[in-house]
Amino acid sequence: MYGILAWPPDDLSEWMQQLSKTHGVSGYGPPHLNLRQPFKWRWSQEALRRGVEGILRGHEPFRVRLGDWRTFGGGVVYLRAYGGGPFQRLYHALEPLAEPEQEIEGPSYIPHLTLALGLSDEEARELAAKLPPPPRKSFTVREVALVTDDDGGELIELARLPLGGLENQETSRPA
């Protein structure tokens, strides 16, 4: 499985990881914003990297505004994110790369950063209601991480690719 995502800034990532420890919960890998639903790729990783890089050239860095804590059915607690038109355009530009593994997002995808998976719906609602607001209101997405996962469910970063071309490359977070 492959993913295309944005890492949040260090302070936000560390804050979310501390919340995970405090409440004894976890998401899938470190905090991240999916820019495309996870998918399988049957060609080389280099071909995928080049394809993603080509798509990203047509999309400039954009700001993601952070909202409140919410839940999805199935015991998921997440921090709502709003990327507006730039996020939606990038999300839709990345969709045709490959069929998704499962149709879980589609056109109604809600941008978010997951804090917890696998709770009961009631536990998720209770946790979301008591979480503090994020320490920042927004962050800028300047680059995209191309990742895969291993058999243990860990995310492995394969490449970081700048939005809008090489002149916009700025590292926001180590892998």
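Enquirer: Where do I start with the overall build of the protein in this structure?
Expert: For the protein, the helix and strand inventory stands at 4 helices and 8 strands. Within the span of the protein, comprising 175 residues, buried residues form 45% of the whole. Here the contacts in the protein between residues at least 6 apart in sequence split such that 75% fall between residues at least 24 apart. Here the protein displays about 9,000 Å² of accessible surface, and carbon together with sulfur accounts for 49% of that area.

Enquirer: Got a minute to help me understand the pattern of salt bridges in this structure?
Expert: Any two side chains of opposite charge can pair, on the condition that their charged atoms come close. One pass over the full model with this rule turns up 7 salt bridges. Across the pair Glu53 and Arg49 runs a salt bridge, and its minimum N-O distance is 3.1 Å. Here Glu53 pairs with Arg49, and both are found in helix H2 (residues 45–56), just 4 residues apart, close to one helical turn. Ionic pairing is found between Glu53 and Arg57, a salt bridge with its closest N-O pair at 3.9 Å. Residue classification places Arg57 among the exposed positions, given a relative accessible area of 53%. Three or more residues joined by partner-sharing salt bridges are found here, namely Glu46, Arg49, Glu53 and Arg57.

Enquirer: Would you mind showing me how to read the packing of aromatic side chains here?
Expert: Aromatic ring pairs are defined here through the distance separating the ring centres and the angle between the ring planes. Under the criterion given, the structure shown has 8 aromatic pairs. Each ring, one from Phe62 and one from Phe87, has its centre 6.3 Å from the other, and the planes form 70 degrees; the classification is edge-to-face. Taken as a pair, Phe62 in strand S3 (residues 62–72) and Phe87 in helix H3 (residues 84–94) lie far apart in primary sequence, 25 residues in all. Residue classification places Phe87 among the buried residues on the basis of a relative accessible area of 1%.

Enquirer: What is the right way to read H3 from this model?
Expert: Spacing of three or four residues puts side chains on the same side of an α-helix, whose turn is 3.6 residues. Taken as a whole, H3 has its buried residues at Phe87, Leu90, Tyr91 and Leu94. Across the axial projection of H3, the buried residues extend over an arc of 100 degrees, all falling on one side. The secondary structure elements touched by the buried residues of H3 are strand S1 (2–6), strand S2 (33–39), H2 and S3.

Enquirer: So what exactly am I meant to see when it comes to the side chain of Ser138 here?
Expert: You can see Ser138 is positioned in strand S6 (residues 138–141). A polar contact is formed between the side chain of Ser138 and the side chain of Arg63, at a distance of 2.8 Å. Excluding its chain neighbours within four sequence positions, the residues that come into contact with Ser138 are Arg63, Val64, Arg65 and Leu66.

Enquirer: Sorry, what's going on with the pairing of strand S7 (residues 143–149) here?
Expert: Look at any regular strand and the pattern is simple: side chains alternate between the two faces of the sheet. The buried fraction of S7 is high, at 6 of 7 residues. Both S1 and S7 contribute to a ladder of 4 bridges, which runs antiparallel. Note that in S7 the partner of Ile4 across the bridge is Leu146. As paired strands, S7 and strand S8 (residues 155–162) are joined by 7 bridges and run antiparallel to one another. Across the sheet, residue Thr148 finds its bridge partner in S8, namely Ile156. The turn linking S7 back onto S8 is made up of 5 residues, and Gly153 within it adopts a positive phi angle of 85 degrees.

Thresholds applied
Residues numbered from 1 in each chain as written. Predicted model: local features only at pLDDT ≥ 70, side-chain atom pairs only at ≥ 80, totals over all residues. Heavy atoms only, no water. Helix = DSSP H or I, 4+ residues; strand = E, 2+ residues; numbered from the N terminus. Buried < 20%, exposed > 50% of the residue type's maximum accessible area, 1.4 Å probe, protein only. Contact = heavy atoms within 4.5 Å. Areas by Shrake-Rupley, 256 points an atom, 1.4 Å probe, with all protein chains shown as cover. Salt bridge = Lys/Arg side-chain N within 4 Å of Asp/Glu carboxyl O. Phe/Tyr/Trp six-rings, centres within 6.5 Å; stacked < 30°, edge-to-face > 60°. Arc of directions from axis to C-beta. Polar contact = N/O pair within 3.5 Å; in protein donor to acceptor, adjacent residues only side chain to side chain. Pairing = 2+ DSSP bridges.

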